[in-house]
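Overview (structure and organization)
These are the residues of each chain, in order.
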Amino acid sequence: MCPRGARLLAGTGGLLEPTRLVCHCLLIEGAEGLVLVDTGFGNGDVGSPRQLGRLFSALVRPQLSEGETAHAQILARGFQPADVRHIVTTHLDLDHSGGLPDFPEADVHVLGTELQAARSPSLRDRTRYIAAHWAHGPRWVEHEAGGDEWFGFAGVRILPGSDAEILMIPMPGHTRGHAAVAIRDGDGWLLHCGDAYFSQTEVQTPPSCPPGLQVFETINATDNATRRRNLERLRELAARHGEEVRLLCSHDPGTLGPQKRGYL
Ligand SMILES: [Zn+2]
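For every chain, the first residue of the written sequence is number 1, and numbering continues from 1 onward in sequence order. Since the coordinates come from a predicted model, pLDDT governs what is reported: local features require at least 70, and pairs of side-chain atoms require 80 or more to be given and counted, while whole-chain, interface and lining totals use all residues. Computation of side-chain values covers all heavy atoms of the structure but excludes hydrogens and water.

What to know about the sheet that holds strand S8 (residues 166-170)
Spelled out, the test is: A pair of strands is considered paired only if DSSP assigns at least 2 bridges between the two. A helix here means a DSSP run of H or I that spans at least four residues, while a strand means a run of E at least two residues long, and both kinds are numbered starting from the N terminus. Interaxial angles span 0 to 180 degrees and are taken between N-to-C directions of axes, which are lines fitted to C-alpha atoms, for helices over the stretch in contact.
As summarised here, the arrangement of the six strands in space is S6-S7-S8-S9-S10-S11, forming an open sheet in which the pairing is mixed. The outermost strands of the open sheet, each flanked by one partner alone, are strand S6 (148-150) and strand S11 (245-248). Across the sheet, the mean angle separating the axes of adjacent strands is 35 degrees when strand polarity is ignored. Two elements, strand S10 (residues 188-192) and S11, share four bridges in a ladder whose sense is parallel.

A word on the nonpolar core
As a reminder, the rule being used: Side-chain atoms within 4.5 Å link the members of a nonpolar core, which is a set of buried Ala, Val, Leu, Ile, Met, Phe, Trp, Tyr and Cys residues. The classification of residues rests on relative accessible area computed with a 1.4 Å probe and restricted to protein chains. Under 20% of the type maximum is buried, over 50% is exposed, and intermediate values are partly exposed. Contacts are assigned to residue pairs with any non-hydrogen atoms lying within 4.5 Å of each other.
Counting 20 residues, the largest nonpolar core has Leu-36, Val-84, Ile-87, Leu-92, Phe-103 and Trp-140 as its most contacted members. Of all the secondary structure elements, the ones that give two or more residues to this core are strand S2 (33-37), helix H4 (70-76), strand S3 (84-88), strand S4 (107-111) and helix H6 (112-119). Per-element tally for this core: the top contributor is H6, with three residues. Leaving out residues up to four positions away in the same chain, Val-84 has contacts with Leu-34, Leu-36, Ile-74, Phe-103 and Ala-106. Of all hydrophobic cores here, the second largest spans 19 residues; its members include Phe-153, Ile-169, Leu-237 and Leu-247.

Examining the coordination of the zinc ion
Cut-off, in case you're wondering: Coordination here is defined by N, O and S atoms within 2.8 Å of the metal (3.2 Å for Na, K and Ca), and since water is not considered, a site can look incomplete.
Looking at the metal site, the zinc ion is ligated by Asp-95 (OD), His-96 (NE2), Asp-195 (OD) and His-251 (NE2), spaced 2.1 to 2.3 Å from it. Considered as a linear motif, the donors of the zinc ion on their single chain read D-H-x98-D-x55-H. Taken together, the residues span a long stretch of sequence, with Asp-95 in helix H5 (residues 94-97) and His-251 in the segment after S11 at a distance of 156 residues. Judged by its relative accessible area of 7%, Asp-95 is buried. Note on His-251: relative accessible area 2%, which makes it buried.

A short note on helix H7 (residues 211-219)
Going by this rule: The directions considered for the arc run from the helix axis to the C-beta atoms.
When we look at burial in H7, the residues that qualify are Gly-212, Leu-213 and Glu-217. Burial along H7 is one-sided: seen end-on, the buried residues are contained in an arc of 135 degrees. Exposed and facing more than 90 degrees away from the buried side of H7 are Val-215 and Ile-219.

What about the packing of aromatic side chains?
Our working rule: Only rings of Phe, Tyr and Trp enter the pairing, Trp through its six-membered ring, and a pair is recorded when the two centres are within 6.5 Å. The plane angle decides the type: under 30 degrees is stacked, over 60 is edge-to-face, the rest tilted.
Taken as a whole, this structure holds seven aromatic pairs when the rule is applied. Ring-pair connections join several aromatic residues into one group, and the members of that group are Trp-150, Phe-151, Phe-153 and Trp-189.

Regarding the pairing of S4
Each regular strand displays side chains that alternate between the two surfaces of the sheet. This is how it is decided: With the strands pointing away from the viewer, any crossover whose connection runs clockwise from the first strand over the helix to the second is right-handed.
Taking burial as the measure, the five residues of S4 include five buried ones, the bulk of the element. Of the two faces of S4, the one carrying Asp-107, His-109 and Leu-111 and the one carrying Val-108 and Val-110 are both buried. Note: S3 against S4, three bridges, orientation parallel. Bridge assignment links His-86 to a residue of S4, and that residue is Asp-107. Two strands pair when backbone bridges link them, and S4 and strand S5 (residues 139-143) are joined in this way by five bridges, in the parallel orientation. Its bridge partner lying in S5, Val-108 is registered against Trp-140. Read as a crossover between parallel neighbours, the route from S4 over H6 to S5 is right-handed.

A few points about the sheet that holds S2
Across a sheet, paired strands are connected by hydrogen bonds in the backbone, their directions being either parallel or antiparallel. Across the sheet, five strands lie side by side as S1-S2-S3-S4-S5; this open sheet has mixed pairing. What marks the edges here is a single partner per strand, and that holds for strand S1 (26-30) and S5. Averaged over all pairs of adjacent strands, the angle between strand axes in this sheet comes to 20 degrees, irrespective of strand direction. Against the sheet, H6 touches S4 and S5, its axis set at about 95 degrees to S4.

Some thoughts on a nonpolar patch on the surface
We count it as follows: Each patch groups residues whose relative accessible area exceeds 30% and which form no salt bridge, using 9 Å between like charges and 5 Å between nonpolar side chains of Val, Leu, Ile, Met, Phe, Trp and Tyr. Every accessible area reported is derived by Shrake-Rupley at a probe size of 1.4 Å, with residue values counting cover from the shown protein chains alone. The term salt bridge refers to a side-chain nitrogen of Lys or Arg lying within 4 Å of a carboxyl oxygen of Asp or Glu.
Side chains of Leu-8, Leu-15 and Leu-16 sit close together on the surface and give an oily, nonpolar patch of about 310 Å² of accessible area. Tracing the chain through its elements places Leu-8 in helix H1 (residues 6-10).

Notes on the side chain of His-133
Note the following rule: For the purposes of these results, a polar contact is taken to be a pair of N or O atoms within 3.5 Å, where, inside protein, one atom must be able to donate a hydrogen and its partner to accept one; residues adjacent in sequence count only when each atom of the pair is a side-chain atom.
You can see His-133 is positioned in the loop between H6 and S5. Reaching out from His-133, the side chain makes a polar contact with the side chain of Asp-45 at a distance of 2.8 Å. Among the polar contacts listed, one links the side chain of His-133 to the side chain of Ser-97, at a separation of 2.9 Å.

Side note on the confidence of the model for the protein
Note the threshold: Values of pLDDT, which run from 0 to 100, indicate the predictor's confidence residue by residue.
Summary statistics for the protein give a mean pLDDT of 93 and a share of 97% for residues scoring 70 or more. Predicted confidence is poor over residues 259-264, with pLDDT under 50, and the contacts of this stretch with residues over four places away or in other chains come to 11 contacts.

Some details on the pattern of salt bridges
Inspection of the entire model under this criterion finds six salt bridges. Among the ionic pairs, Arg-139 bridges to Asp-107, the shortest N-O distance being 2.9 Å. Here the residue Arg-139 occupies a position in strand S5, and Asp-107 occupies one in strand S4, the gap between them amounting to 32 residues. Among the residues examined, Arg-139 registers a relative accessible area of 45% and is labelled partly exposed.

Following this line, the structure appears as structure tokens:
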């Protein structure tokens, strides 16, 4: 996504210069097949960009390309779409759920509150959820908060009884049923924080955030006070357990680079 306003959104560059935001998806290879965390934009969006809405397309300027879809990147790694058995969604905003129709055979894990918000959107949420992204009737697996504690957070294991340690951590604020996803990665954990924050500098101590990004996060939050409280908790987690837990968010392109092993 290439919105204009690099100086305000990224802290450097010209006022009208485009900046670059990515949609981080994680692909986990395990005994249960492939697990995909978030799906970004999908083939349906590439084929029918209009379904994303004029305002979103004009402001956010998604560069829709087939080769960048999770579908294409998974094929390029020698897998089939049907190998993706589970999809875990941080939330169902249009830039995270577009790839759902590309994996119709997967179980789609979501917090119940998010599914409800997406199915019956309030007036102000009507442009953030795109019904075409679930018109194919995904096999939803709804989860509720709690059950498994994770570093002081209430988490829920999405595949209990399996070796894959993957938890959804309810983290509302950006949307009503927004969640972070914790994945055991060797001796440590990877925490995909979705849109709980947009710049990695927000979870550093001391934190900072480009001013335009802060405005963007505030106006896009369903519940901004809750969003800020959860962001504070993530900052504490990063400060206390940064050695064990590696945090990333959806849209900061600097978080996962090509130099990092094994990541898409
Ligand atoms: Zn997003």
